[in-house]
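# Chain and residue survey
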Amino acid sequence: MIFNSEPTAFQRALIEYLMGLPEKKRKRKFIVDCQRSIKGPLTADAIFESIKLTEAKSSQKTAKRVIRSALRPVVHVLKDYYSIVEALVSADPTPTAIIWAALKVVIDGADRFVSLFDTIKEELQSLTNYLQRITEYEWLYNDSNDLQDLLCKSYINILRFWHRVDKECDRSCFNALFCAISSFSTAKLRGILNNIKDNADQIEKLAGIIEAGKAKGERESAELERFKTEMERTAARKERQSATDWRTQQMADRQGKKVHCWLSSQKAYEANQSQYRAHKARRHGGTCEWLISDEKYKAWFNGSLIPSVIWLRGHPGSGKSTLCSSMIQSIERLDSTAAVAFHFYQFDQIHSTLETLRVIAGQLFEKLWNASRVISEDINKTIQGTSSSIENVQSLIKILVTNIPRAYFILDGLDEECEGSRWGEAQATLDFLLELSREFPRVRLAYSSQFRPCIDDKLRNFTAIEVQQAAEGDVTGYLEHSLNSLEIPDDDKPVVLENMKRKAEGNFLWATLMVVMIQEASSPKELKQCLEDGPSKLDEYYRRIFARFDKPHRLLASKIFSLIAYARRPLRLKELREAIGILQSSNPASLEDADLPFTRSVRKLFAPLIQIQNDSDDLEECTCRLFHSTVREFLYKNPDVLSEGTAGSNLRITPYLIFNACLLYLSQARYKQLLVRSDTRWMDSAGLSVDRHPFLFYSAKYWDKHVSDVDETKKLRIRVKRFLTSLNFQTCIQVQSLWVGGQFHIFLRNDQPSTNFYLRRIFPIWFFKPSEDDHLWRDYRAFMHEWRYLLQCGSCEHPKCHFLPYAGDIDRCFWGALGSQNFMSKFKGRYVSFMFQSEHNPSGQLYEGVSQTGDQLELIRLTARTQGKLSFIRERWTSRDNLPAVLDKTQLIETDTKTTNWSLYVECTGNGFDMRTGRAKPVSFSQDCLFLRIGCQIFQKDSEGDYVSLLKPGDVNDPHYPAYIEDFVSNRRYTILTTRRVITSDDVYVGGFQDKKIETFGTDLLKMEARLTAAAAFINSYNDIVKNADADADDESSAWSSKSSASDEAYESWSERATEESISQFEDDMITQWTGRALDFKRGPSESSDEAISTGSDASARDDTASSVPEIPPSAVIGYGRYRGDSSDGPVWAGLTDEDLDSGSDGDVPDIYTYYRHKKMAEATHPHNSIVVFDTSSLIPIKVFHFKRVLPFMIYDSPPAIHPFKPFLVWPLSDSDVFFADFMAKSYFIRKLRPSTSHTRHIFMKCHFSPCGRYLHIASLEGQRRPMEGRHGKAKNEKSPLCLALLLMTYRLSDSKTTRAPPVLIYRTRLELSSVSSLSVSRLPFTLTWTSDELYLTCSHSTLRVYRIRLFQSHTVNHPGPTNMDKGDGALVLQKTIFLPNTASRREVHYFPPRVGSTAVQIIIGSETTTKEPLLKAADNRFFGFEDETALCATDNVIGLKGILSPPIGCYFKPTDTGGWINANNLSEMPTDLGIGKLDQRLERFNPDDDCDLEPYII
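Okay, so let's go over this structure. All of these numbers come straight from a predicted model, not from anything done at the bench. (Residues numbered from 1 in each chain as written. Predicted model: local features only at pLDDT ≥ 70, side-chain atom pairs only at ≥ 80, totals over all residues. Heavy atoms only, no water.)

Looking now at the overall build of the protein chain. When helices and strands are tallied, the protein chain shows 41 helices and 48 strands. Going through the 1499 residues of the protein chain one by one, you find that 56% of them count as buried. Within the protein chain, residue pairs in contact and separated by at least 24 positions form 70% of the contacts whose partners lie at least 6 positions apart. In the form shown here, the protein chain has an accessible surface area of approximately 66800 Å², with 49% of it arising from carbon and sulfur atoms. (Helix = DSSP H or I, 4+ residues; strand = E, 2+ residues; numbered from the N terminus. Buried < 20%, exposed > 50% of the residue type's maximum accessible area, 1.4 Å probe, protein only. Contact = heavy atoms within 4.5 Å. Areas by Shrake-Rupley, 256 points an atom, 1.4 Å probe, with all protein chains shown as cover.)

In this section: helix α18 (residues 390-402). Taking 1.5 Å of rise per residue, 13 residues should cover 18 Å, and α18 covers 19 Å from first to last C-alpha, within 8% of that figure. Buried within α18 are the following residues: Ile390, Val393, Gln394, Leu396, Ile397, Ile399, Leu400 and Val401. (Expected span 1.5 Å × (residues − 1).)

Turning next to the side chain of asparagine 272. Examined against the element boundaries, asparagine 272 turns out to sit in helix α12 (residues 266-282). Engagement of the side chain of asparagine 272 in a polar contact is seen with the backbone oxygen of phenylalanine 342, the distance being 3.1 Å. Those residues in contact with asparagine 272 that sit more than four places away from it in its chain are Phe342, His343, Phe344, Val359 and Gln363. (Polar contact = N/O pair within 3.5 Å; in protein donor to acceptor, adjacent residues only side chain to side chain.)

This part is about the sheet that holds strand β45 (residues 1401-1405). If you walk across this open sheet you meet the four strands as β13-β46-β45-β44, and the pairing is antiparallel. The open sheet terminates on both sides in strands that have one partner only, identified here as β13 (832-835) and β44 (1389-1392). Ignoring strand direction, the axes of neighbouring strands in this sheet form an average angle of 15°. Alignment of β13 against strand β46 (residues 1449-1453), held across four bridges, turns out to be antiparallel. Bridge pairing in β46 places serine 833 opposite cysteine 1451. (Pairing = 2+ DSSP bridges. Axes fitted to C-alpha atoms, helices over the stretch in contact; angles between N-to-C directions.)

Further remarks concern a nonpolar patch on the surface. A cluster of nonpolar side chains, namely Ile746, Leu748 and Phe757, defines an oily patch on the protein surface of about 320 Å² accessible area. Assignment of secondary structure puts leucine 748 in the loop between β11 (746-747) and β12 (758-759). (Patch = residues over 30% accessible without salt bridge, like charges linked within 9 Å, V, L, I, M, F, W, Y side chains within 5 Å. Salt bridge = Lys/Arg side-chain N within 4 Å of Asp/Glu carboxyl O.)

Close contact between α12 and helix α16 (residues 353-372) brings their axes to 9 Å; oriented N to C, the two are set at 70°. Here α12 lies roughly perpendicular to α16, going by the angle between them. Seen from α12, the contacting residues are Ala268, Tyr269, Asn272 and Gln273; seen from α16, they are Glu355, Val359 and Gln363. In the contact of α12 with α16, the residues fall into three nonpolar, three polar and one charged. (Parallel < 35°, antiparallel > 145°, perpendicular 65-115°, else oblique. Nonpolar A, V, L, I, M, F, W, Y, C, P; charged D, E, K, R; others polar.)

The next thing to look at is the sheet that holds strand β7 (residues 610-613). Pairing in this open sheet of three strands is antiparallel, and the strands run β6-β8-β7 from one edge to the other. Every interior strand has two partners, whereas the edge strands, β6 (571-572) and β7, have only one. With four bridges joining them, β7 and strand β8 (residues 623-626) adopt antiparallel strand pairing. Of the residues in β8, the one forming a bridge with isoleucine 610 is leucine 626.

Let us look at the pairing of strand β30 (residues 1168-1175). Most of β30 is tucked away, with eight of its eight residues classed as buried. Side chains of β30 alternate between two faces, with His1168, Ser1170, Val1172 and Phe1174 and Asn1169, Ile1171, Val1173 and Asp1175 buried alike. By the bridge criterion, seven bridges tie strand β25 (residues 974-980) to β30 in an arrangement that is antiparallel. Residue pairing in the sheet places threonine 975 in a bridge with phenylalanine 1174 of β30. As defined by bridge partners, β30 adjoins strand β31 (residues 1182-1190) across eight bridges and the pair is classed as antiparallel. Directly across from serine 1170, in β31, lies its bridge partner lysine 1188.

Put into structure tokens, the structure is as follows:
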């Protein structure tokens, strides 16, 4: 806006107002129209002309009177206001013209809101009054700048007033989302009027002062200054209030938006609003007014009708929907405080109960929101739940009804929902609203429908209004009006009218069709003939319309009506044209634009039975639908209507056509390859965007539904099978993933238990019948079970969904890993994947062993169990780079249940067996797959590669041969067998304080004196048990027993080292376990926790002697168990919490520990660690070593490791103890490996010797569960998360005393992993792959999660360390995301780096297992909560897959697939003063007899 000279105050105010608007509002149509209008002259006369035009447009006399009476006073007073402003702005017409322009824009757009001026007539009257007050002082404005400033403010407020009127018109016209027919809001108009009133008040006051000042002289200045001060204070106060109001409004708007989002059902809402507008537009003037005067309706409206339910009942086409739209308008006009919620059912649109209730709730909320702008606490609480729950939406509706004076619910077209499952959905809505009306008297219900038995059962006891009888007057009025527009002689009109009334019988639809019919008459004679010979029934009329189609056009008409009548949703015009094009194409494998019919040719056949709904500015996007449900009913009953009088049978209107169109469209050659992403668009194989394939999305979604509508034939089955097994079906799945919402989601049904889950059907119904093709459905179910999680996020709209970047990339699926027998395994993928499964694969539980390099996999399956005999089929698979694995050897292995002690591992059932929870697998392999264990029988490979028996209980006449073996290891000469007996929650305890405030030595032993007697008695009893244990011939000999045989007795011993060899950077780390602070280490942003040492030879070790007196755990005295799970032998110190003590003392009371006797600590009954070493090099195995001790803490999946060259083994005993033994010298020593953080224990410890034999690596999985903050007010079962981490240590072994000298720590690192609520200890979700320089930790997850960790510091002197690490010294992870099958989160995932000479990475995912024993779950206060979940078969309860266990699968990845390695950035910084990773020597043991010399502390 440009001004020719220095702008006046009005010009500046106008500029500031426009520039102060946000960018979007500055471009609103109102502002643009005002600016356009000022280019031409605008006067009061021009405004009066606009008023006359608006009056002429209105067909209602009442509206004309309102426009005239409301606007003319405003225009008159604005003339005076205009004169004042015109005099002040000099020659520039812009500010004054804007006044008239704003008013003209509102008047010209008044048809957007029919009752606009009637609605705001009070506001217009107030505006007139205030402007009259302002114009009374026109002679003073030239003399006072202050008055001019106030006049400028009123000028801007007038513009704001008309701007708000225009905006409210738009809002009421277009009904923005969830503004369901909300009334015209005058709240903000009243706020603007208050501002104008304030302007008028201030002008009056200032004008009085100016007038008085002229008479009184000096008093004017002081009075004026006081007035200005007051104005400034008022302005500041208003500004503060405005800011407060703005903040309040913003907060309220956020709350309202939250509810709107929760109720999000935009598609259903828009369809409902579109129907309302369409019915309202079809209403003829003067019709439907009879309803307001109907006595039944009036009783319903005023609440005197009990129950407050009416049923508008009528025949098809009697105008029920139009009557409902009129009812909505009437209620809003007569009861503006009430809420009107409505829903229009449509015959060609499916409406679920949830969608309908969401639409209703949205309309109720909009009414409440506009009235109060406040969200109650009940509403906030309700929307915390899921909006997918019908119960939650119903609860919200009840809350909204409670806060609304009256609520009217109107449901139209119930008869459209009386078919099949649709009636169940509508009935649920109907029942809920009926219940609502009984519960809340303020609720009024109105239903409209034809008579149907199912509806009559529900509504027969309520008041009914027969629409057809009452609407006869409306039909007569409509016919009279229609005849007046036709060229019919006046003398003939009464006869014609009477004839049409008689035929119409009060039916609007029939009357409308007759009007269309007589409009086509070319002469009075033809018109008369048309009336006399015309049809008397709807079906006859429809038949006549179809008979008028020219024969050359009937083929096209049959396609059009077939497609529209049988479509699952209304088709868009461009979809319809493509469907017709594919049907009539001579080459349907490649549809071209030349095959598509012209739009005009299609539309020519529409009228009058097909309507184009104008729901888009683009004609091609508009939907095509039958104009009434009776047309569809006629077509269903008369499919050959176009064939009458012709010999052709291809004119039949049938569902086969739309099925054929869908299948032909999806089978095009362009869809033999997957769509490819290009920027933000998806392209087909021809390089064309899918935007040019409008029928693709409909076909992908509904093709199978249309197949089900067609009768099954052999030819049809073959055709469908051909499509399913083609590559086109893979592209169809991709399209469904991207553009069909909810296609791969899981659903619940209202009429089924919440434990039953459902998927959307994808195959024709008749494919479920038993046949030779039913395997296709099972194959597809197997694929869905593994990859549904990836497919379902293709159409996800959640901005934080981490699958979004990979939407549509279904070539990431492991198609080959579905198995060669699965038809989908031939689909194209980006990876080479395969299943370890032969063509004739017998059933049974699978067990596998994977070689250390991944090139071989041993698979064994139990195939028969009869009369105690066990038969296994063993398969050896060999894999080569980028090629599927090959089965190169099979073997039958037979044994029996007695030899293997099979019943200790499994529970035999009638249908097979179930693995026992908490027990070892009944079958396992050694790491190199050279040895096999079945139960407690050991096999080894012979020279032919077959497994032969090596060791079993009958071969060894020794009582120490374990009946139950958990882990084993062998190096062909020596075989080591280990056992940890299964423990229960009652056997597990946690020693030490749980009070986090105890950090150092000096623990309080309150009231211990009172319990010393019991403690001493327990010690004596326990010592007797230990001394007499070996005397029992049935008990196994313990390692410390002096009565075991001399040939295999183990004794504790270790060697000292020279002092000069002990130089190490870890020497300062040699602290006792209970000193220093118990820290929780946090991840550093960039610092690594890796620590290394350069040593010469072996470090020295202090000598110690074993004591025959059982140790008392230090945790019992000083709370060390809180710091690290202590596993020393001995009795238990029980911790008593504050609740266990008298509560009479003040202040905090520390935990009390009492020394007491635990009956299960007796060696004879408590679980043990047991290890036995046999020399198997001779024909008869010889036991050379055995060791046994009490197991106070359980550790899982921690097998022993044997040195590659020397008779030296390492075995994790329990939570913290590591056992080192020279089994030929029969000597051993035990060292403690402390956890790295507080409240932590070891879950597993994996020991591994380097190939050179100089180094020992220990990888420990740690679990940390911190105590809950505070002791009171917590839920009974509330637990903190279990934080997992991997602690990796590398030790140097002594060159000269490898088997006797304790290893020396030279490197350590700690890797933080995930946090979980619980952990299955029978199937730990981690696997390790060792190389000479690196460790690969792989997690069981639906994405490939591998950590690459070095085993040595890169600058270690005696080992150069890895030379192929890509970046840095920390742990590395793969850069790119690789998705795995869904069940990979419950299976072992093995990662193997590229072999020599290859760049391919290989993974192997183990088989599924089944376990059905109860949960092994310890008490929270006694165990860390490693819950052993019931490991059900992944497909055990999946329909179609029940009992099917997936064999192992493999896959190769190229470097481009993984993206290389990047830093993981999740290493923890470890302090150097806690001795983490050190193999600590034995502590000074606590002796309760000598050390409990106590003195009083708290008395």
